[in-house]
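Commentary on secondary and tertiary structure
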Amino acid sequence: MSSPVPGPAPAAPRPVRVLLVEDDDLMRRSFAVALERYGYEVAVAADGLAGLEAFRDREFDLLVLDVMLPGLDGIGLCRRVRETSLVPVLMMSARGDGLDVVAGLEAGADDYVVKPVDTYVLVARIRSLLRRATYPPPASSTTPELPSDQGELLTFGELSIDTGGLEVFVSGTPVALTPTELKLLLAFAAHPGVVLERHTLLRDVWEYGWDGDSRVVDLCVQRLRKKLGRDRIETVRGFGYKFRR
């Protein structure tokens, strides 16, 4: 009796592809080597225009952009990327005074780190962004769970959210959301009418295990309002935000 012929071995999953755009040669090399040690496939560019060309030439799972770049700066590059893509974007800023941070988040970035940044912090933020891009938000142990039926359609007036297909519609028209915007919306939709504090959203959406910068929440809420309608998310001063039913 002949032995069965083994089938082809399953293809190994491809590594996560990261585009790193940083003009400082030493930082660019050190970050690239560090990320490759963690198993990422890294492409690099030294200026914004080269980064835009690299982004258009191939598919990436995540972008890491320095704010201060020659030619086309990181904020302008992020805006150009957002014209065609919802790929997660992590900004690196050399200043912590808020100007670069706010501009980057307004341009569509999902998160930011301030240089100098330790490699483990950079990798932690990248992992968080990748989880956000591929998996809906887990239910908090202290709050009601998301609908268990992953095909359920949640409806709030003209807003509809397909929790299975992870699609959003306003008056029947599809709305494109970044992974972070979508995860934030799902967190709100799981708690309609409930005030969610900023630190709770930082923990559940951005996965900060420490006190993070609440500006990432505020700017992401602003972007959601532009896409869903300004009255959908109410600001509760001194506390946080409430999603209107």
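See above for the structure.
Predicted model only: the values in this text are computed from it and were never measured.

Points about the overall build of the protein
Counting its regular elements, the protein contains 8 helices and 12 strands. Contacts spanning at least 24 positions in sequence make up 60% of the contacts within the protein whose residues lie at least 6 apart.

Comments concerning the environment of Leu72
Tracing the backbone shows Leu72 in the loop between strand E3 (62-66) and helix H3 (74-82). Along the chain, Leu72 and Leu49 lie 23 residues apart, while their C-alpha atoms are 5.7 Å from each other. Those residues within four positions of Leu72 in sequence are excluded, and the remaining contacts are Gly48, Leu49, Leu52, Leu77 and Arg80.

A word on helix H1 (residues 25-37)
In this model, H1 (13 residues) spans 18 Å end to end at C-alpha, consistent with the 18 Å of a helix rising 1.5 Å per residue. Here H1 has its buried residues at Arg28, Phe31, Ala32, Ala34 and Leu35. Buried residues in H1, looked at end-on, bunch into an arc of 165°, giving them a common side. Among the exposed residues of H1, those oriented more than 90 degrees off its buried face are Leu26, Arg29 and Arg37. One side-chain oxygen at the N-terminal end of H1 lies 3.1 Å from the backbone nitrogen of Leu26; it belongs to Asp24. With its phi angle positive at about 95°, Gly39 sits one or two positions after the end of H1.

How each quantity is defined
- Residues numbered from 1 in each chain as written.
- Predicted model: local features only at pLDDT ≥ 70, side-chain atom pairs only at ≥ 80, totals over all residues.
- Heavy atoms only, no water.
- Helix = DSSP H or I, 4+ residues; strand = E, 2+ residues; numbered from the N terminus.
- Contact = heavy atoms within 4.5 Å.
- Expected span 1.5 Å × (residues − 1).
- Buried < 20%, exposed > 50% of the residue type's maximum accessible area, 1.4 Å probe, protein only.
- Arc of directions from axis to C-beta.
- Polar contact = N/O pair within 3.5 Å; in protein donor to acceptor, adjacent residues only side chain to side chain.

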